[in-house]
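# Remarks on the overall topology
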Amino acid sequence: MAQQRWADAVLTVAFEELEPASAFPVVPGRQWGPGLWWSATTGRHVACGSAAMRAQLMVLDRDPDVVGLAGRPVRVLWRTGRGHVRSWTPQLFARYRDSTALLADCPSRPEASGQRAVKAATALQAACAQVGWTYGAL
């Protein structure tokens, strides 16, 4: 797996064609585990890690402006104000017809996000805004 500057990667990497950067965890006791969604948009399977993510894939797969989908295709790294390196792997990537994109996380419920996820959301919103993309917790 190669590292690139964010501004360069968004111009050169077809994230929608990448395999997951990391596996979706299997959590014992959960009613739903990782799986695959057959995407009419892409004509291939898209990895998904939860029922909430699968639901968002279904919605995006029906959007005529979406031309590409991928599950966990990128790990984003950044430095905090104190110089610590942090990383986050958003659950979902969607490419739009106009070449903009959406990075998203799909928590099963709003309170499911911990403090680490909240800090990552702030960093990802800023990174996406820099390049005209969107980040959201769907």
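What counts and what doesn't
- Residues numbered from 1 in each chain as written.
- Predicted model: local features only at pLDDT ≥ 70, side-chain atom pairs only at ≥ 80, totals over all residues.
- Heavy atoms only, no water.
- Helix = DSSP H or I, 4+ residues; strand = E, 2+ residues; numbered from the N terminus.
- Rg over C-alpha atoms; globule rule 2.2 N^0.38 Å.
- Buried < 20%, exposed > 50% of the residue type's maximum accessible area, 1.4 Å probe, protein only.
- Contact = heavy atoms within 4.5 Å.
- Areas by Shrake-Rupley, 256 points an atom, 1.4 Å probe, with all protein chains shown as cover.
- Lys, Arg positive; Asp, Glu negative; His and termini not counted.
- Charge placed at Lys NZ, Arg CZ, Asp CG, Glu CD.
- Pairing = 2+ DSSP bridges.
- Axes fitted to C-alpha atoms, helices over the stretch in contact; angles between N-to-C directions.
- Salt bridge = Lys/Arg side-chain N within 4 Å of Asp/Glu carboxyl O.
- Core = buried A, V, L, I, M, F, W, Y, C linked by side-chain atoms within 4.5 Å.

With that settled, consider the overall build of the chain. Scanning the chain for helices and strands turns up three helices and eight strands. When the helices and strands of the chain are listed from N to C terminus, the series reads α-β-β-α-β-β-β-β-β-α-β. For 138 residues, the compact-globule estimate of 2.2 N^0.38 gives 14 Å, and the chain sits close to it at 15 Å. Reported as C-alpha extents along the three principal axes, the dimensions of the chain are approximately 40 × 40 × 25 Å. By the burial criterion, 38% of the 138 residues in the chain qualify as buried. For the chain, long-range pairs separated by at least 24 residues make up 55% of all intrachain contacts whose partners lie at least 6 apart in sequence. With an accessible surface of roughly 8,300 Å², the chain has 53% of that area assigned to carbon and sulfur atoms. Positive and negative charge centroids in the chain, built from 15 and 10 side chains respectively, lie 12 Å apart.

Let us look at the sheet that holds strand β8 (residues 134–137). Ordered in space as β3-β6-β7-β8, the four strands form an open sheet in which the pairing is mixed. Looking at strand neighbours, the two that pair on one side only are β3 (66–71) and β8, the edges of this open sheet. Adjacent strand axes in the sheet meet at a mean angle of 20°, parallel and antiparallel pairs treated alike. Examined bridge by bridge, β3 and strand β6 (residues 92–96) share five bridges and lie antiparallel to one another. Within β6, the position partnered with Val-66 by the bridge is Tyr-96.

Checked against the element boundaries, Thr-42 lands in the loop between β1 (35–39) and β2 (44–48). Residue classification places Thr-42 among the partly exposed residues on the basis of a relative accessible area of 24%. Spatially, the C-alpha atom of Thr-42 lies 7.1 Å from that of Val-67, the residues being 25 residues apart in sequence. In contact with Thr-42, not counting residues within four places along its chain, are Gly-68 and Leu-69.

What the rule picks out here adds up to three salt bridges. Here Asp-8 ties to Arg-5 by a salt bridge, and the two come within 3.6 Å at their closest N and O atoms. In this structure Asp-8 comes out as partly exposed when scored by relative accessible area, which is 38%. Among the residues examined, Arg-5 registers a relative accessible area of 57% and is labelled exposed. Notably, a salt bridge pairs Arg-97 with Asp-65, separated by 4.0 Å at the nearest N-O pair. Of this pair, Arg-97 sits in the loop between β6 and β7 (101–105) while Asp-65 sits in the loop between α2 (51–61) and β3, and the two are 32 residues apart along the sequence. For Arg-97, a relative accessible area of 53% translates into the label exposed.

Nonpolar side chains tend to gather and get buried jointly when the protein is soluble and globular. In terms of nonpolar packing, the biggest core is built from 21 residues, with Trp-6, Phe-93, Leu-103 and Trp-133 touching the most fellow members. With seven residues, the single largest contributor to this core is helix α3 (residues 115–130). Setting aside its immediate chain neighbours within four residues, Phe-93 contacts Phe-15, Glu-16, Gly-68, Leu-69, Ala-70, Pro-73, Ala-101, Leu-102, Leu-103 and Trp-133. If you look at the next biggest cluster of nonpolar residues, it comprises 14 residues, including Cys-48, Val-66, Leu-69 and Ala-94.

So, to be careful, I would describe these as geometric facts and stop short of saying anything about function.
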